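Analysis of the macromolecular model
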Amino acid sequence: MSATSNRIRRPLLDRLLPVWAVLVFAFLFAPIIVIVVYSFNTGRLLSSFTSFGIESFLALFEKPVLLDAVMVSLRTGAIAAVLATVLGTLAGIALARRTGKWTAWFVGLLVLVSVTPEIVDAISLLPWLVFLGQDLGLSLFNDGTVRLVVGHSLFSVAVVSYIVRARLVGLPANLEEASADLYAPPLRTFRKITLPLAMPAVLAGLLLSFTFSLDNTIVSSFVQVSGATPWPVYVLSALRGGLRPEIAAVSTIMLLLTLAALAVVALVLRRAGDSSTEIARTIAGG
Amino acid sequence: MRNLRLPGFALAIPAWVWLAVFFIAPVGVVFWYSFGYKPGLFGTHANDKLSLDRYLEVLTPTFFDTFVATMWIALAGTALCLVIGGPVAYWMAVKSPPAWRGLLLALVLVPFWTNFLVRTIGWQVILAPEGWASQAAQAIGLPAFDILYTRAAVLLGVVYNYLPLMILPLYVAFDRVGEPLREASRDLGANRLRTFWRVTLPLARPGIIVGVLLVYIPLMGDYITATVLGGAKGNMVGQMVAAQFQTAQNWALGSAMAVTLILVIVLSAGVVGALLWLVSWPMRRANRLVLGEVGS
Amino acid sequence: MAANDDVRILASRAAAPIVRRELSRRGFLAVAGGVGTTMLLAACTTPGGDPAPAATGGTLENALSIYTWGDYDAPEVLEAFTSEKGPRITLDSYGSNEEMIAKLVAAKGTSGYDIIVPTGVFIPQLIENGLLYKLNRDLIPNIEHVDEAYLGRVWDPNNEYSICKAWGTTGFVYDKTVIQRELKTWDDFFDAAKNEASGKTSVLDDPVEITGIYYWANGIDWDTTDPAEIDAAEKFLLEELAPHISAFDSYPGGAAIPQATHALMQVWNGDARLGIMNSPDPDRWQWVLGSPATELWMDNWAISASAPHPEAAHAFLNFVLDPEYAVAQIDYIGYHTGAKGIEQMAEEAGLGMLDMVFFTPEQLATMQDGEINEAQERNVEIWNKLKAAAGA
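Fair warning: this is a prediction, and the values are worked out from it, not measured in the lab.

Before going further, it helps to examine the overall build of chain C. When helices and strands are tallied, chain C shows 13 helices and ten strands. Here chain C, with 392 residues, has 54% of them falling under the buried criterion. Across chain C, contacts joining residues at least 24 apart in sequence account for 77% of those joining residues at least 6 apart.

So this is what it looks like as structure tokens:
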């Protein structure tokens, strides 16, 4: 390739990539925008817009069950995401840095976790958690949040492990070795070198875990206990009577809160002038 | 490393214990059911007589046909996710302003914090015969379009819902390549395409494989995503497993189906992996080269 | 908004203002008087005698856990119960009977749910597994307000365990702009599916509903276990219907009807009514009750055998069966609650399209109860084959 063609290709590609990215983001947000519009629907059915009004938002005050379900989901999502990220990150680092005979077995287990149909997890976890909670007397497992967290964490642990491993594998371990050579305690090496290196993967894993948990329906509907119906289970079960616009209103409020939180983070970071790794660290609270 | 007295897998122990207690033990029990039978109308499983009969019942033409259809959807969906999500992940990790990257990462996932069924309704409003997209098409003189319940709608639903599972691992993969390495490559006279092909892609390979598997494997077991927009055309084999556990309340047969399904998915993923491995042979050569330079 | 002056209900003094407020807020025109009730008091009286059930009409517990279909009760009814009787209600939801049963079986009496709402065909299974509480009918005198037609169904002939909560039936809805002839029977449904509505037809996503179409059309018992009849159903459905199906959709009223994504849809009556009423062009749609025969499904109030709050559960059942709340419930979920004289009350309340909620005795006579029997495994198999064929 000649230098000339190189110079021509560069600006074109550089202009096409962001355009493509914008298109894909528009694609991702397209149905969400519809839902925001439809949350102002005053009709009986979410999917059929009749007229504009804010009645659907008022339903949130009349039906405590809506906010209860959302709170169950948010609480579970946060705990499950942190738990899966911690377990998965440690496992992923071990997989990338301490390979041995055990690696194949462990990877096999992770593959099995991610390939097992959700309905099987659901059917099997329910009696198991009852067994742990009732027969073994570990009353912890009678708690709705604990049960949901357990159910939601399985797939996420596998996903975080994969991503963290993929981040570190093949990257030279010489920094870590140098640190160890300088007699830094292992924990310090881990905190100062390995973890920052893995951080984008950790952040991605955390976000994915939270997302999976928030959308988990099948396992949730089996393991939930009285007083802990999560949001997706509520929405699915409400199909029988026809979804109301108030469900879109809940989604809109959640979206606005999320975007507001992200905007605050962006503002703070812009002021601090941080790099992406720093952003990652800030969001992950690490 | 020499300071660590712990065995190599020490860091994996917490995850291992967690999965042993909450996955291996309970799921192992359910897999055991596959050797049993359904004891009458209102029972779901019994294991006092053991046999492999359930596995014979699984292997029907319907299971095979549905599995093949499932695989096509999963392969096409995975390929589309890679083609659509790849450039986005690359742009985010390499070309976007560094300060924005964490936020962009979060923005990819924010749409999925809206409930699945609610998102689906959003798509239905857009894609319905008299929906937004059709009206927009007619407004600019195109014919009305009706895409719901077609194969295209199957793929749209699948790509939409699985795209983040591709973009995030790819982002992480491209991000780790790092600007200095690419600069060095260009300084050594490689053009951009060559740098991408010989440096960026090989280093991103583990992440690409993870992205592909993270879309393909869960998609093979999924049975809802493809049907919500694609209707009957989105029928997938996971539906048969769920139908045994739920509607038929035959956990023995459901379990045998699940085991069979897991085996064939792993097998098919192995085949896909082997193909990728063969195709990426030139990349691996480059990979060795690059790592040799960096490591030395 | 309705004129409050017109609301005349015989109710306890304490309840009247609440009822009136709730009614007017929901925009009811008026609810006729003349419905005598003894609400609210009955549950508090101690019947004494029968020692077997733990619910004896004693003091109500301060909590009540209801495990039901999501959004399946008018919020004002639940609120009224709490404000008048005390127990705070925890509401949980499930999306399928099987899921609810699996939960109760696995929980071995520790599920913590008081009231559940199983569909009729699942009640024998619940009874056999000892999951239902034998109702103390002395505490539920308001069962007298339930129409006999909806009591004593095959799954619980003496209503020892369950009482009708809502019932519905199956028919189909078609788009008159696509199918410009009158369809009346399931045979017409098949014919339209093969012709005008080919590739634009949806059926319910439930095996017995689909095989049901064939049985109902051909005068065969819906609950048949005769292998020859089942084989014939499979052959017909696979060859004649499957190639024309574009979706298996249990709730077309929620989106497919208002958005006109299908031309012909098998649908439950309440869902069809909801979809048509909320369609931008209701005149475009025609509802047809399945004929010559169709089904009658019923969701039933029942109490879990391990109910932690049996007194409150009984009090709630008695409370909710009061005719005062029947109209609110019908308006909220769109299905008949089984209450006596409810049709007139609903008409006077100005609810729309009531011909899709209330049916004539002649129509009722064509509706069959379902049953979970030995054919279930075959039905699921046919369902899988249909899905594979329709997806090909």
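This paragraph deals with the overall build of chain B. Each helix and strand counted, chain B has 13 helices and zero strands in total. Starting at the N terminus and ending at the C terminus, chain B contains elements arranged as α-α-α-α-α-α-α-α-α-α-α-α-α. Along the three orthogonal principal directions, the C-alpha set of chain B runs to about 75 × 70 × 35 Å. Out of the 296 residues in chain B, the part that is buried amounts to 52%.

Turning next to the confidence of the model for chain B. Per-chain confidence: chain B averages 86 in pLDDT, with 91% of residues scoring 70 or above. Below pLDDT 50 for its whole length, residues 289-296 of chain B participates in six contacts with residues either more than four positions away or in separate chains.

Bringing the interface of chain B and chain A into the picture now. In this complex, chain B contributes 84 residues to the contact, which on the side of chain A involves 92 residues. When residues in the side of chain B that touches chain A are grouped by element, the largest group, twelve residues, is from helix α1 (residues 13-33) of chain B. Class assignment of the residues belonging to the side of chain B that touches chain A gives a composition of 65 nonpolar, twelve polar and seven charged.

Per the domain assignment, the segments making up chain C are domain 1 (4-167 + 297-355) and domain 2 (168-296 + 359-391). The class makeup of the residues in the side of domain 1 of chain C that touches domain 2 of chain C is eleven nonpolar, four polar and one charged.

Quick look at the packing of helix α5 (residues 118-135) of chain A against helix α6 (residues 144-168) of chain A now. All names here are of chain A. With their axes 11 Å apart at the nearest point, α5 and α6 run at an angle of 145° to one another. The crossing of α5 and α6 is right-handed. Taken together, the residues of α6 that come into contact with α5 (itself represented by Asp121, Leu125 and Leu129) are Arg147, Val150, Gly151 and Leu154. Of the residues that constitute the contact of α5 with α6, the class distribution is four nonpolar, one polar and two charged.

On to the interface of chain A and chain C. With 30 residues of chain A at the interface, the matching set in chain C holds 34 residues. Going through the elements one at a time, α5, α9 (218-223) and α10 (231-237) of chain A are the ones with two or more residues in the side of chain A that touches chain C.

Our focus in this paragraph is the packing of helix α7 (residues 174-181) of chain A against helix α8 (residues 186-215) of chain A. In helix packing, the relevant descriptors are the interaxial angle and the interaxial distance, both defined with respect to the helix axes. All names here are of chain A. For the pair α7 and α8, interaxial distance at closest approach is 9 Å and the crossing angle is 155°. In terms of orientation, α7 and α8 fall into the roughly antiparallel class. Handedness of the crossing formed by α7 with α8: right-handed. Here Leu175, Glu176, Ser179 and Ala180 of α7 come into contact with α8, specifically with Thr189, Lys192, Ile193 and Thr194.

With that out of the way, let us pick up the nonpolar core. In terms of nonpolar packing, the biggest core is built from 302 residues, with Leu125(A), Ile163(A), Ala204(A), Tyr171(B), Leu264(C) and Phe316(C) touching the most fellow members. For this core, the element with the highest residue contribution is helix α7 (residues 151-177) of chain B, accounting for 19 residues. Here this core spans two domains, and each of domain 1 (4-167 + 297-355) and domain 2 (168-296 + 359-391) of chain C adds at least three residues to it. With sequence-adjacent residues up to four places away left out, Ala204(A) is seen in contact with Ile163(A), Leu105(B), Leu168(B), Tyr171(B) and Val172(B).

Definitions and limits used
Residues numbered from 1 in each chain as written. Chains lettered and ligands numbered in written order. Predicted model: local features only at pLDDT ≥ 70, side-chain atom pairs only at ≥ 80, totals over all residues. Helix = DSSP H or I, 4+ residues; strand = E, 2+ residues; numbered from the N terminus. Buried ≥ 20, exposed ≤ 12 C-beta atoms within 10 Å, placed from the backbone. Contact = placed C-beta atoms within 7 Å. pLDDT = per-residue confidence, 0-100. Nonpolar A, V, L, I, M, F, W, Y, C, P; charged D, E, K, R; others polar. Domains from an automatic or database assignment. Axes fitted to C-alpha atoms, helices over the stretch in contact; angles between N-to-C directions. Left-handed = near helix turned anticlockwise from the far one by under 90°. Parallel < 35°, antiparallel > 145°, perpendicular 65-115°, else oblique. Core = buried A, V, L, I, M, F, W, Y, C linked by C-beta atoms within 7 Å.

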